[in-house]
Amino acid sequence: SSIRRGANALHMLLVLCLWLKSVELTSKWKYFDLLQHEGEAPVWRCQVWQLTAKLHSTAEVLLLLLTALGWRILRPRLSVTELRFTGLALGLAGGAIVLQASAEGCPVGTESAMSFTLFFYIVRVACYLVIIFAMNFNLQLIGMHLQESPVSAATAILYQRQQVYLRFRRLFLLIVFRPSTLLWLQVAVFGMEGGAWLVTAFSEGTSWILYVALFMTLKPSGHSCRVGELVRAMSDTPVPTPVSPDPPSPPPPPPSADTAADAAAA
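Residues numbered from 1 in each chain as written. Predicted model: local features only at pLDDT ≥ 70, side-chain atom pairs only at ≥ 80, totals over all residues. Heavy atoms only, no water.

Caption draft 1: Summary view of helix α3 (residues 43-69). Taking 1.5 Å of rise per residue, 27 residues should cover 39 Å, and α3 covers 39 Å from first to last C-alpha, within 8% of that figure. Directly after α3, the chain includes Gly 70, whose backbone phi takes a positive value near 90 degrees. (Helix = DSSP H or I, 4+ residues; strand = E, 2+ residues; numbered from the N terminus. Expected span 1.5 Å × (residues − 1).)

Caption draft 2: Main features of the environment of Cys 17. Note on placement: Cys 17 falls in helix α2 (residues 9-38). According to the relative accessible area criterion, Cys 17 is buried, its value standing at 0%. (Buried < 20%, exposed > 50% of the residue type's maximum accessible area, 1.4 Å probe, protein only.)

Caption draft 3: Structural context of the nonpolar core. With 41 residues, the main nonpolar core has Leu 10, Leu 63, Leu 64, Leu 66, Tyr 128, Ile 131 and Leu 214 as its most contacted residues. Among the secondary structure elements, those contributing two or more residues to this core are α2, α3, α4 (80-101), α5 (111-148), α6 (153-189) and α7 (196-218). Sort the elements by how many residues they give to this core and α5 lands first, with 10 residues. Not counting residues within four places of it along the chain, the set of residues in contact with Leu 64 comprises Tyr 128, Ile 131, Phe 168, Phe 172 and Ile 175. (Core = buried A, V, L, I, M, F, W, Y, C linked by side-chain atoms within 4.5 Å. Contact = heavy atoms within 4.5 Å.)

Below, the structure is given as structure tokens:
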């Protein structure tokens, strides 16, 4: 199919994020199910849940970062500086994940786990700042090329890339403000005690909705038909041709000597 032919490594990373999210929810459900029925659960189940949750968060940040940098959308490979930053961010996040998962006991609420979690959030915030800068820079670059380029198939593809980036920017803003919205719902709407399960359900539901929207934004498709239709639409649009003003009429010739003499005699 056209989707299978157009898929690349970025779409595989999106599928990996969905799989990690499914594993996280499954391990979380098994851990709390044991707590409910038996009153206790093995420590390794809590550690597996926390490990898969942090791996999913890392894969999600990596997906957003690579998309904002234009990998597989605007260019096939990243620069050396971008690769170094991506590798450094992955290394720091991976180290924090391993240390938190290997902490003694269930890592939720312990002092060492909180320090590892804070460090992980600092790395994620730094990646978010790079994502915002790269996204706006690529949008400005695409806009400059569209203004300077004539109507062609390459211009139509570039216009499609611009629309993808605009939709991706809206989704990224929703992802960034989602934790603040969940905190506001928990404190102001549902309450700190009784509405925890409602906040959790809302959080997981919005997470899957955002993934569906992200898949629809980045999904591979056959571009040849759409590009042809876009080029034809752009070509059929009448372009007003500038009308040059009429040249000024030449001044009347000066009167000859005979004409001046006749006028004086009259």
